[in-house]
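Structural overview for review
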Amino acid sequence: MKLVHISDLHAGKTLGNISRNEDLLYALDQIISFSKENRVNTVLVAGDIFDKANPDNLSKQLIFEDFFLRLNSLNINTIVIAGNHDSYDFFKSIKELSKLARVHIFDRPNPDSFTIDLDHVTIVALPYPSERVITEASERANISYAEKVEKFINYMDKKTEDRKIKILLAHLMIAGAVCTHTEREVHISDYYAVPPSAIPTSFTYVALGHVHKYQRIDKAPVPTYYSGTLYQIDFSEAGQEKYFNFIEIDKEGIKHLETVKIDIKNPLINIEVDQDEVLKKLPELKKLSGYIKLIVNVKNKKTVPYIVDRIKEEIGEKLPRGVELRSEYDTRKAHSLENINLTPLGLYKEYYKKEYGEEMPEDIERAFITLLEETYETPSP
Ligand SMILES: [Mn+2]
């Protein structure tokens, strides 16, 4: 059995006014040709297929026609789990129809339906376990989110103990993973992070989604990977190489595991330059391919409008966020805040410590996270 593991497609992602679907399609084309050439049987998609819970029509067309249907025409199975950006109910509504195209969707964690058998390999699926869903599935209320998820994984493992070759396909945060800020920080705090030791040793391979940087979780007892995003979805991922995994599994276990690099259509580049240097730099910036986040350090406010106009004239189409102006005052402010953990939880913890002179108790931390969850309405990397 030959499998490809990808995740975090984020179809419908925009940067300023620019749609990134062109970048996504460019990556998906590479996955499809690789799968064709290497006679792949199954593509595993570990969540965050869409960037928004209500995807726009062009993004749906891209996923269904340019990806699912093309894989189907190559007789390739696609196994999909919902990520925290995806809507459980939208995925549920397309589940039955998608089966006609060999696409098997798991919309939410479900204790009665979480496996699919493909020849000698069983896929055990854990879509993003939202706090609400995992609490409903859990008998004990007084344990942490991460412990509830761990219990659910153990339950799924027990129920499939007669299967010899099993793959866990899950959208969740494993403690110790290296993140980029696009995962949305509240969801990757310790309270939510499942320890790598929670992964049962009976799995042959663990295909993860959620964290956007490709990585192997070395502390996990079995080969466990985040495949990461397929293109640099935000400037916090600027300069990051992108990959997917190719896995060959026979009746004994993994025969071959390969990291495959994805070519990037529009790389993202962060550039910071002083006001008096920026015009001289424009010809060089013009030659760069991709999108630029341009920060100009301002010293003389008078000439700013003229300079910004010139920049936009020359390289405007490369600047999805326009020109970011930074005055000396802002720079000082940024430096003085450097040591503070800027997640909402981090800020609140700092505040608590200053106000009450002690570390924030765990029950207050939990209550704060629950409130944040409700504020962010849909779970969100
Ligand atoms: Mn994501």
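Residues numbered from 1 in each chain as written. Predicted model: local features only at pLDDT ≥ 70, side-chain atom pairs only at ≥ 80, totals over all residues. Heavy atoms only, no water.

Within soluble globular proteins, side chains that are nonpolar tend to cluster in buried spots. If you look at the biggest cluster of nonpolar residues, it comprises 75 residues, and the most contacted ones within it are Ile 6, Phe 67 and Leu 230. What Ile 6 contacts, discounting residues up to four positions off in sequence, is Ile 31, Val 43, Leu 44, Val 45, Ala 46, Phe 67, Ser 227, Leu 230 and Phe 244. Within the second largest apolar cluster, 21 residues are counted, among which are Ile 116, Ala 125, Tyr 205 and Ala 207. (Core = buried A, V, L, I, M, F, W, Y, C linked by side-chain atoms within 4.5 Å. Buried < 20%, exposed > 50% of the residue type's maximum accessible area, 1.4 Å probe, protein only. Contact = heavy atoms within 4.5 Å.)

Turning next to the coordination of the manganese ion. Binding of the manganese ion to the protein goes through Asp 8 (OD), His 10 (NE2), Asp 48 (OD) and His 212 (NE2), at separations of 2.1 to 2.3 Å. Read N to C, the donor residues that coordinate the manganese ion are spaced as D-x1-H-x37-D-x163-H. Highlighted residues: Asp 8 in the loop between β1 (2-6) and β2 (14-15) and His 212 in the loop between β10 (205-209) and β11 (215-216), separated in sequence by 204 residues. Taking relative accessible area as the criterion, Asp 8 reaches 0% and is therefore assigned buried. (Donors = N, O, S within 2.8 Å, 3.2 Å for Na, K, Ca; no water. Helix = DSSP H or I, 4+ residues; strand = E, 2+ residues; numbered from the N terminus.)

So, about the domain arrangement of the protein. Split by domain assignment, the protein resolves into domain 1 (2-262) and domain 2 (268-336). Averaged C-alpha coordinates put domain 1 and domain 2 at centres separated by 37 Å. Residue-level contacts link 13 residues of domain 1 with 9 residues of domain 2. Both sides together, the interface formed by domain 1 and domain 2 hides about 920 Å², and carbon and sulfur atoms give 62% of it. Together, Leu 15, Ile 18 and Phe 235 form the three largest contributors to the area buried by domain 1 at its contact with domain 2, with a combined 59%. Along the contact surface separating domain 1 from domain 2 lie 1 salt bridge. (Domains from an automatic or database assignment. Buried area = accessible area lost by both parts, 1.4 Å probe. Salt bridge = Lys/Arg side-chain N within 4 Å of Asp/Glu carboxyl O.)

The pairing of strand β16 (residues 291-298) with strand β17 (residues 323-327) spans 5 bridges and is classified as parallel. Within the sheet, the bridge partner assigned to Val 298 lies in β17 and is Ser 327. Crossover handedness for the path β16 to helix α7 (residues 304-315) to β17: right-handed. (Pairing = 2+ DSSP bridges. Right-handed = clockwise from strand over helix to strand, strands pointing away.)

Attention shifts here to the sheet that holds strand β9 (residues 165-171). With mixed pairing, 6 strands are arranged side by side in an open sheet as β7-β8-β9-β10-β12-β11. A single partner strand is all that each edge strand has here, and the edge strands are β7 (115-118) and β11. Pairing analysis gives 4 bridges linking β7 to strand β8 (residues 121-126), with the strands arranged antiparallel. Paired with Ile 116 across the bridge in β8 is Ile 123.

Moving on: the side chain of Asp 51. Following the sequence through the fold, Asp 51 ends up in the loop between β4 (42-45) and α2 (57-73). Given the relative accessible area of 10%, Asp 51 is considered buried. Reaching out from Asp 51, the side chain makes a polar contact with the side chain of Lys 52 at a distance of 3.3 Å. (Polar contact = N/O pair within 3.5 Å; in protein donor to acceptor, adjacent residues only side chain to side chain.)

Think of two packed helices as two axes; the pair is described by the angle between the axes and how far apart they sit. Put simply, helix α6 (residues 275-287) and α7 touch, their axes get as near as 10 Å, and they point 5 degrees apart. In terms of their interaxial angle, α6 and α7 are classed as roughly parallel. From α6, Gln 275, Val 278, Leu 279, Leu 282, Leu 285 and Lys 286 reach across to α7, where they touch Val 304, Tyr 306, Ile 307, Arg 310, Ile 311, Glu 314 and Ile 315. Across the contact of α6 with α7, the residue classes break down as 9 nonpolar, 1 polar and 3 charged. (Axes fitted to C-alpha atoms, helices over the stretch in contact; angles between N-to-C directions. Parallel < 35°, antiparallel > 145°, perpendicular 65-115°, else oblique. Nonpolar A, V, L, I, M, F, W, Y, C, P; charged D, E, K, R; others polar.)

Between its first and last C-alpha, helix α3 (residues 88-99) extends 17 Å over 12 residues, near the 16 Å set by a 1.5 Å rise per residue. Every buried residue belonging to α3 is among Tyr 88, Phe 90, Phe 91, Ile 94 and Ser 98, and all of these are buried. Around the axis of α3, the buried residues are gathered within 135 degrees of arc, so they sit on the same side. Exposed and oriented more than 90 degrees from the buried face of α3 are Asp 89, Ser 93, Glu 96 and Leu 97. (Expected span 1.5 Å × (residues − 1). Arc of directions from axis to C-beta.)

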